[in-house]
Amino acid sequence: MEEKRPEWSSHISFIIATVGSAVGLGNIWRFPYIMGKNGGAIFLFTYLLLIAFICIIPLCCELGLGKIYKKDAINTFKTINPKYKWLGWLCIITVTLIPCFYFVVGGWILNYIWVFITGQLPDNFSLYFSSFSAQAFMPCFLTILFLIMTAIFPFRGINDGIEKANNLMMPLFAVMLFILAIFALTLPGAKEGLAFMFHPDFSRFDKTMVLTALGQALFTLSIGMGTILTYGSYMKENTKIVKSAYTLIICDTTIAILAGIMIFPIVFSFGVEPSAGAALAFISMPQMFSQFPLGVIFGLIFFALLFFASITSGISMMETTVAAFIDNFKLSRKKSTLLATVIIGLISIPASLSFGILSNFKIFDKTIFDLLDYSTSNIFLPFNTLLICLIAGWCIPNFWKKVFGESFFGGVFNILLKFIVPFVLICVLISGIY
Ligand code: PFF
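Residues numbered from 1 in each chain as written. Predicted model: local features only at pLDDT ≥ 70, side-chain atom pairs only at ≥ 80, totals over all residues. Heavy atoms only, no water.

Chemist: Please explain the overall build of the protein chain as it appears in this structure.
Modeler: Each helix and strand counted, the protein chain has 18 helices and zero strands in total. On C-alpha atoms alone, the protein chain measures out to a radius of gyration of 21 Å, which is about the 22 Å that the 2.2 N^0.38 rule sets for 434 residues. With the principal axes as the frame, the protein chain shows a C-alpha extent of 60 × 50 × 45 Å. For the protein chain, buried positions account for 60% of its 434 residues. Taking contacts inside the protein chain between residues at least 6 apart in sequence as the whole, the part at least 24 apart equals 81%. A total accessible area of about 17300 Å² is found for the protein chain, and carbon and sulfur atoms account for 69% of it. (Helix = DSSP H or I, 4+ residues; strand = E, 2+ residues; numbered from the N terminus. Rg over C-alpha atoms; globule rule 2.2 N^0.38 Å. Buried < 20%, exposed > 50% of the residue type's maximum accessible area, 1.4 Å probe, protein only. Contact = heavy atoms within 4.5 Å. Areas by Shrake-Rupley, 256 points an atom, 1.4 Å probe, with all protein chains shown as cover.)

What follows is the structure in structure tokens.
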């Protein structure tokens, strides 16, 4: 017997869950360091423009496809035309590969939470991080632990698992972020940090920066892998798509900016390079926390923040895969979750080991971790998003009217959907490949 499709119990739960999906390591860890590397304010302004006028379109498309067809990604594209079923599979492959590296970072976060709880802080976080991540057992164990902690929620279902997790964790997350941002603003480097974020240096404007901003925007909004489509398929009938999409964008961007407001004053107060890259969260930040009184508490809050951000995103990735397994393999939710857990677990172990014993094992000159990160974010995401826009714009009659409405703005959005967004995405793809 086919199970009745679940539904979010309220509009606010739907919004919190989609914000929980969108707000993740992409906002707290990736956004500040990419912004640091790409000139600060000029990157931020470009990113805001792109997100408001370009990314809004695929975001509405995914929500619209979910709301109209009420199916998982594979069956949605199959219903539009059996020839497009493979695009659904491609989305599912992408969304199953992302947690394979994302949860490795989740495992590191668990480790740092433990370090700050026990108060046994190393003297040199740079040495500590490289020797910890290179170990064979502990990082793998923590990756699997993070995976199991995440899987519990899709296992329990939409209302009892995913909704409850998000409704609890997202408000906690927001409170912690505020506390840290306010604390950061009291530091001596606050002025310099804010100037870096909000005073544009136009000489840094170039093509690569624009493309990086767009890739980041797609990743942070969880677009191009069927996640938003799947969450949209549990939407209530009367939910407004464009309004929900803008709410999501505003929340996600506000949180990314707050993360910058939290990180840059600390970075400038301690004279660290804002472009320190991925190491910012796992080396520079904990090193700085270890240097001031109460730093242990703030460090713990910082890693708890990263934990909530990453687990709520992880839940949405797993739910997309689980929903596809339920609908396509006719498995129960529990069996589908177990299957997804085993697949992700098996791939994430070599990804974790790529910082240690597999560090010399390279494909296309990249370690397994880097390959998973690079191929999903720079190739699969823009490629899937491009096809989703093309199908929504050109293959479903009157899709734009159902999603954007028939007003003047609906018409403008339709032109963006049919011509402008595909063109921009093709540029991103070409640059991602070369
Ligand atoms: N949007 C998440 C972040 O910014 O960290 C990442 C993500 C979530 C990617 C959900 C994919 C996904 F399905």
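That covers the picture; the talk isn't over yet.
Chemist: Explain the nonpolar core to me, please; I cannot follow it from the model alone.
Modeler: The tendency in soluble globular proteins is for nonpolar side chains to be buried as a group. Residues I28, F173, F282 and F302 are the most contacted members of the largest nonpolar core, which totals 162 residues. Those residues in contact with I28 that sit more than four places away from it in its chain are F173, I255, A259, M262, I263, F302, L305, L306 and A309. (Core = buried A, V, L, I, M, F, W, Y, C linked by side-chain atoms within 4.5 Å.)

Chemist: Looking at this model, I keep getting lost on the packing of helix α6 (residues 125-134) against helix α13 (residues 279-289). Mind explaining?
Modeler: Two quantities define a packed helix pair, namely the angle between the helix axes and the distance between the axes. Two elements in contact, α6 and α13, have axes separated by 8 Å at closest approach and are oriented at 140 degrees. Judged by the inter-axis angle, α6 sits oblique to α13. The two elements α6 and α13 cross, and the hand of that crossing is right-handed. Touching F125, S126 and F129 of α6 are F282, I283, P286 and Q287, all from α13. Along the lines of polarity and charge, the residues of the contact of α6 with α13 split into five nonpolar, two polar and no charged. (Axes fitted to C-alpha atoms, helices over the stretch in contact; angles between N-to-C directions. Parallel < 35°, antiparallel > 145°, perpendicular 65-115°, else oblique. Left-handed = near helix turned anticlockwise from the far one by under 90°. Nonpolar A, V, L, I, M, F, W, Y, C, P; charged D, E, K, R; others polar.)

Chemist: Can you walk me through the site of the ligand in this structure?
Modeler: Surveying the vicinity of the ligand reveals 16 residues, the closest of which are A22, G26, Y102, T220 and T227. In this structure, a nitrogen atom belonging to the ligand sits 3.0 Å away from a main-chain N or O atom of A22. The contact in question runs from an oxygen atom of the ligand to an N or O atom on the backbone of G26, over 2.8 Å. Considering the ligand on its own, with 340 Å² of exposed area, one finds that the protein chains cover 100% of that surface. Within the residue set of the shell around the ligand, elements represented by two or more residues are α1 (11-22), α2 (25-37), α5 (85-118), α10 (207-220) and α14 (295-329). (Near = heavy atom within 4 Å. Polar contact = N/O pair within 3.5 Å; in protein donor to acceptor, adjacent residues only side chain to side chain.)

Chemist: Would you explain the pattern of salt bridges in this entry?
Modeler: Opposite charge on two side chains permits them to pair, given that their charged atoms come into close proximity. A full pass over the atoms with the stated rule returns five salt bridges. Here D373 makes a salt bridge to R30, at a shortest N to O gap of 3.8 Å. Highlighted residues: D373 in helix α16 (residues 368-395) and R30 in helix α2, separated in sequence by 343 residues. Residue R30 is classed as buried on the basis of its relative accessible area of 12%. Taking the shortest distance from any N to any O, the salt bridge between D160 and K164 comes out at 3.4 Å. A residue pair is termed a helical-turn pair when its members lie 3 or 4 positions apart in one helix, as D160 and K164 do in helix α8 (residues 158-185) at four residues. (Salt bridge = Lys/Arg side-chain N within 4 Å of Asp/Glu carboxyl O.)

Chemist: What's the story with the packing of aromatic side chains in this structure? I'm lost.
Modeler: Centre-to-centre distance and the angle between the planes together describe a pair of aromatic rings. Under the counting rule described, the total for this entry stands at 42 aromatic pairs. Centre to centre, the rings of Y112 and Y128 are 6.0 Å apart; their planes meet at 80 degrees, and the pair counts as edge-to-face. One end of the pair, Y112, is in helix α5; the other, Y128, is in helix α6, with 16 residues separating them in the sequence. Note on Y112: relative accessible area 0%, which makes it buried. Here the aromatic rings of F289 and F292 are separated by 6.0 Å at their centres, their planes lie at 75 degrees, and the arrangement is edge-to-face. Here F289 falls in the buried class, since its relative accessible area comes to 1%. On the basis of relative accessibility, which here comes to 15%, the residue F292 falls in the buried class. Sitting above the plane of the F219 ring, R30 keeps its charged end 4.4 Å from the centroid. (Phe/Tyr/Trp six-rings, centres within 6.5 Å; stacked < 30°, edge-to-face > 60°. Lys NZ or Arg CZ within 6 Å of the ring centre and 35° of its normal.)

Chemist: What's the story with α1 in this structure? I'm lost.
Modeler: With twelve residues, α1 extends 17 Å from end C-alpha to end C-alpha; this agrees with the ideal 16 Å at 1.5 Å per step. Summarising burial for α1: nine of the twelve residues are buried, a large majority. Among the residues of α1, those classed as buried are S13, F14, I15, A17, T18, V19, G20, S21 and A22. (Expected span 1.5 Å × (residues − 1).)

Chemist: I'm lost on unusual backbone geometry in this one. Help?
Modeler: In most cases, non-glycine residues show a negative phi, while peptide bonds are predominantly trans. Residues other than glycine seldom take positive phi values, yet L294 does so here, at roughly 65 degrees. With respect to the helices and strands, the residue L294 is situated in the loop between α13 and α14. Residue class for L294 comes out exposed when judged on its relative accessible area of 56%. Phi is positive for F364, which is not a glycine, with a value near 50 degrees. By the secondary structure assignment, F364 is in the loop between α15 (333-353) and α16. Judged by relative accessible area, which is 73%, F364 ranks as exposed.

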